[in-house]
Amino acid sequence: MLNRKIIKKAPKVELHEHLDGGLRPTTIIELAKERGIDIPSNDPIELKSWFTRGCQQKSLKLYLETFNVTTSVMQDKEALIRVAREEIEDLAEENVVYAEIRFCPELHTKKGLNLEEVVHAVLAGCEEGRKETGMEYGLILCAMRHEDPKLSLEIAELAVAFSERGVVGFDLAGDEFGHPAKKHLEAFQYIRTKNFNITIHAGEAFGLESIWQAIQICEAHRIGHGTRITEDMVIENGKIVKMGSLAHFIQDKRIPMEMCLSSNVGTGAVESYKDHPFPILFRNHFRVFLCSDNRLMSDTNLTKEMAIAVKEYGLEFKDLEKITINAMKSAFIHHERKLKIIYDVIKKGYAELREEYAIED
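Nothing here was measured: the structure is a model prediction, and the numbers come from that model.

Cut-offs and rules
All residue numbers here refer to positions counted from 1 along the written sequence of the relevant chain. Confidence filtering applies because this is a predicted model: local features only for residues at pLDDT of at least 70, side-chain atom pairs given and counted only at 80 or more, and all residues used for totals across whole chains, interfaces and linings. The basis for every side-chain value is the complete set of heavy atoms in the structure, and neither hydrogens nor water enter the calculation. By this definition, two strands are paired if DSSP reports at least two bridges between them. Secondary structure elements follow DSSP: runs of H or I no shorter than four residues count as helices, runs of E no shorter than two count as strands, and numbering proceeds from the N terminus. Think of each axis as a best-fit line through the C-alpha atoms, taken over the contacting stretch in the case of a helix, with angles from 0 to 180 degrees between the N-to-C directions. Any residue under 20% of the maximum accessible area for its type is buried, any over 50% is exposed, and the rest in between are partly exposed; the area is computed with a 1.4 Å probe on protein chains only. It only takes one pair of heavy atoms within 4.5 Å for two residues to be counted as in contact. Note on ring pairs: Phe, Tyr and Trp rings are taken, using the six-membered ring of Trp, and paired if centres are within 6.5 Å. Classes follow the plane angle, with under 30 degrees stacked, over 60 edge-to-face and the rest tilted.

Colleague: Where do I start with the sheet that holds strand β6 (residues 222–225) in this structure?
Modeller: Backbone hydrogen bonds are what pair the strands of a sheet, in a parallel or an antiparallel way. Read across the sheet, eight strands follow the order β1-β2-β3-β4-β5-β6-β9-β10 without closing on themselves; strand pairing throughout is parallel. Looking at the sheet topology across the chains shown, the edges are occupied by β1 (12–18) and β10 (288–290). Averaged over neighbouring strand pairs, the angle between their axes works out to 25° when direction is ignored. When strand β5 (residues 198–202) meets β6, the two strands line up parallel, connected through four bridges. Each residue of the ladder has a partner; that of threonine 199, found in β6, is arginine 222.

Given below as structure tokens:
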């Protein structure tokens, strides 16, 4: 059994992490105090417990309402720079070597910042973190499903405008139920005409139709979550015995799926780790990998997510390396940069750990 020490030292790639879902409780308290903002507690332990109660109680409502607090302290440049810098620092602490961090710029304009100022501030903070830690990163800008499609187009245009300055993709997030992705088709069409990158939250709280729309209508390059893809499969004794056309298409086209174990269990997207589709998809050669989603609300990080997969699904060291390479192959950066990180950082790091701990595959 791999222990937590080895897992933590292993190189990692994070492709589904929300900026407003990863703040340090101490930072929230300090920012709130400086800005005169009321928060549920000024005790770091109590505040962390308040943030994780939704995940612990499997209440999506409680889980989502916590974002009102994190975004409330992220409404000025100084706060955004600090939060982004600390995001990079905290990911690097878990030996994440490359991360794509996503956020919705519109949520940070309530006190006067415009969209461009928000993105500039987050990029500045990330760059400070990169210089300090050496960790590589990219930003993904999110539009929200329930918002006016005109705003989604504006966010898509913003993402492309910053494509040479650190923004690597465009995402559609928010409640899937009653808010189909196809309503935002103009934004996706714009992204595609600019040869840019799309990931869409789909198949988390709604079924196959959501995944199908994301891929076949909006032409997503990656799927966020995608847990409901098993509805297009016949599974017996933990094995896939039959797949429908959508599942086959995802497997055949190597469409990556960003899987978030703790988040999916905590929000009720799946009943338990045992019921999560990740191990079935992984062992049937879908391109899947592990992500944190919201480290604060789910009380997790990539080390914990990997440790869960080792404990619950029997993953071995070589499997952790494979899902890390799966993630890096799926990143929204240029091919040569991917190869450099895969061979010079990931494979090298895993080889060194094999030697250090006498790990045999």
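The structure having been displayed, the exposition proceeds.
Colleague: Quick question: what am I supposed to make of helix α2 (residues 25–35) here?
Modeller: An α-helical segment advances 3.6 residues per turn. Residues three or four places apart therefore align on the same side. Considered for burial, the residues of α2 that qualify are Pro25, Thr27, Ile28, Ile29, Leu31 and Ala32. Looking at the buried positions of α2, the neighbouring elements they touch are α3 (44–57), α5 (67–72) and α6 (77–93). Taken from the residues just after α2, glycine 36 is the one with a positive phi, measuring 65°.

Colleague: I tried to follow the side chain of threonine 52 on my own but got confused; where do I start?
Modeller: Looking at where threonine 52 falls in the secondary structure, it is placed in helix α3. Excluding residues that lie within four positions of it along the chain, threonine 52 makes contacts with Leu296, Met297 and Asp299.

Colleague: For this particular structure, what's the right way to read unusual backbone geometry?
Modeller: In most cases, non-glycine residues show a negative phi, while peptide bonds are predominantly trans. With a phi angle near 55°, lysine 58 is a residue other than glycine that sits in the positive phi range. Its location among the elements puts lysine 58 in the loop between α3 and α4 (60–65). With a phi angle near 65°, histidine 285 is a residue other than glycine that sits in the positive phi range. Assignment of secondary structure puts histidine 285 in the loop between α13 (278–283) and β10. Since its relative accessible area comes to 57%, histidine 285 is described here as exposed.

Colleague: Which parts of the structure should I look at to understand the packing of aromatic side chains?
Modeller: One pair of aromatic rings is described through two measures. These are the centre distance and the angle between the planes. Within this structure, the stated rule accounts for six aromatic pairs. Here the aromatic rings of phenylalanine 278 and phenylalanine 282 are separated by 5.7 Å at their centres, their planes lie at 15°, and the arrangement is stacked. Placement of both phenylalanine 278 and phenylalanine 282 in helix α13 is noted, with a separation of four residues, approximately one turn of the helix. For the pair shown, phenylalanine 278 and phenylalanine 282 are each scored as buried. Considering the side-chain rings of phenylalanine 278 and tyrosine 313, the 6.0 Å spacing of their centres and the 45° angle between planes classify their relative orientation as tilted. One end of the pair, phenylalanine 278, is in helix α13; the other, tyrosine 313, is in helix α14 (residues 302–313), with 35 residues separating them in the sequence. Pair check on accessibility: phenylalanine 278 and tyrosine 313 agree, each one buried.

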